[in-house]
Amino acid sequence: METAPDIVALNESIKNESAFIDLLQNELGKVIVGQKGMVEGLLIGLLADGHILLEGVPGLAKTLAINSLSKTIGASFSRVQFTPDLLPSDVVGTQIYNMKEHKFETKQGPIFSNFVLADEINRAPAKVQSALLEAMQERQVTLGDKSYPLPKPFLVMATQNPVEQEGTYPLPEAQMDRFLLKITLTYPEREDERTIMRNQLSGGLASLNAVVSTDQILKARKAVDSIYMDEKIESYILDIVFATRFPEKFNIVGLNNKISFGASPRGSIALAKAAKCHAFLRHRGFVIPEDVRAVAPSVLRHRIGLTYEAEAEEITQDGIVTEILNTLMVP
């Protein structure tokens with residue numbers, strides 16, 4: 001049986017290690033108004049070494065958010081606009097024959113950046129999507145007979161437009177599962193939008209400073225791993241994930257014929273990792289049930305399959321997660 005660490009000492013240590021989070025959020029707050037969930041999601045993805053899928057209508061600061069984050073930690077950023085005629089080599093790179101030297105030279109693609117924005121990922125064919133997702137999973141790219149490691153930290157933020165689905169290639173479930181979080185964006189509040197409008201009309205956006213280094217981020221990941229998670233919290237996470245597969249075993253009435261498949265073991269790992277990161281963002285050295293509940297919708301909404309009955313009744317993945325969280329006993 002694992003012994004609990006000295007929580008007071010661990011808490012103090014995490015408080016010191018996570019002090020830069022406030023700096024980072026204040027700096028991002030200069031240009032990103034509202035959208036707290038998106039900023040938190042990006043930071044969780046960065047700390048958990050995971051990738052993020054963003055779904056929202058155009059104009060909600062998706063590109064601005066990841067570009068701003070790269071500037072605040074002095075990292076490299078690249079954006080790839082996914083289109084139906086995009087090729088895998090346009091993303092990962094290719095080998096070009098040098099006629100003077102009579103040999104092939106490697107030309108690395110935009111994937112070789114710390115932050116990669118895959119804009120409208122569902123516009124590109126499956127071959128391009130799989131090339132990107134392989135790089136995300138393996139953290140390396142093979143060109144010719146040589147493998148090239150991707151820089152650290154490495155974060156992909158893929159976006160998709162929920163409105164216009166004509167001529168798109170929806171991501172298969174197995175590929176969706178590779179994203180740590182799926183964040184759905186909504187319109188800003190009225191007063192936030194007033195601030196956005198004023199900022200744009202008064203001379204554009206503020207310039208951002210690099211307030212954190214990439215080394216600090218890599219060090220922070222080790223600190224996140226050391227955050228204490230009690231066995232009761234582990235059991236709570238497993239209950240939530242198993243309830244997406246077998247709702248009847250948890251006395252959740254009415255979901256039996258609504259779920260075609262539940263979250264995989266990758267979902268349990270993602271929920272535990274994201275909960276630890278959420279605690280880190282709150283400068284806490286241990287995970288509480290509220291951390292799990294806060295990240296559960298973003299971790300699970302793309303890992304649950306709906307049946308035709310659920311779609312006919314307009315039941316959503318978010319509704320199912322909410323039902324599970326409201327029914328299960330909180331430790």
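Residues numbered from 1 in each chain as written. Predicted model: local features only at pLDDT ≥ 70, side-chain atom pairs only at ≥ 80, totals over all residues. Heavy atoms only, no water.

Draft legend 1. Broad picture of a nonpolar patch on the surface. Together, Tyr97, Met99 and Phe104 make up a nonpolar patch on the protein surface, roughly 380 Å² of accessible area in all. A residue is classified by how much of its surface remains accessible, and Met99, at 66% relative accessible area, is exposed. (Patch = residues over 30% accessible without salt bridge, like charges linked within 9 Å, V, L, I, M, F, W, Y side chains within 5 Å. Areas by Shrake-Rupley, 256 points an atom, 1.4 Å probe, with all protein chains shown as cover. Salt bridge = Lys/Arg side-chain N within 4 Å of Asp/Glu carboxyl O. Buried < 20%, exposed > 50% of the residue type's maximum accessible area, 1.4 Å probe, protein only.)

Draft legend 2. Representation of the environment of Arg178 within the structure. The residue Arg178 is located in the loop between α7 (173-176) and β9 (181-184) in this model. When its relative accessible area of 30% is taken as the criterion, Arg178 is described as partly exposed. Sequence spacing of Arg178 and Arg303 is 125 residues, and the spatial spacing of their C-alpha atoms is 9.6 Å. (Helix = DSSP H or I, 4+ residues; strand = E, 2+ residues; numbered from the N terminus.)

Draft legend 3. Summary view of the environment of Asp239. Within the secondary structure, Asp239 is located in helix α10 (residues 231-245). The exposure class of Asp239 is partly exposed, given its relative accessible area of 31%. Residues Asp239 and His278, spaced 39 residues apart in sequence, show a C-alpha to C-alpha distance of 19 Å.

Draft legend 4. Representation of the side chain of His278 within the structure. Take His278: it is sitting in helix α11 (residues 265-281). His278 sits in the buried class, given a relative accessible area of 8%. Setting aside residues no more than four positions away along its own chain, His278 makes contact with Glu40, Ile44, Asp291, Ala294 and Val295. (Contact = heavy atoms within 4.5 Å.)

Draft legend 5. Quick peek at the packing of aromatic side chains. Per the stated rule, a full pass over the model turns up four aromatic pairs. Here Tyr97 and Phe104 contribute two aromatic rings whose centre-to-centre distance is 5.2 Å and whose plane-to-plane angle is 65 degrees, an arrangement assigned as edge-to-face. For Phe104, a relative accessible area of 53% gives the class exposed. Ring geometry for Phe112 and Tyr148: centres 6.5 Å apart, planes at 85 degrees, overall edge-to-face. Placement of the pair is Phe112 in the loop between β4 (103-108) and β5 (115-119) and Tyr148 in strand β7 (residues 146-149), with a sequence separation of 36 residues. Given the relative accessible area of 15%, Tyr148 is considered buried. (Phe/Tyr/Trp six-rings, centres within 6.5 Å; stacked < 30°, edge-to-face > 60°.)

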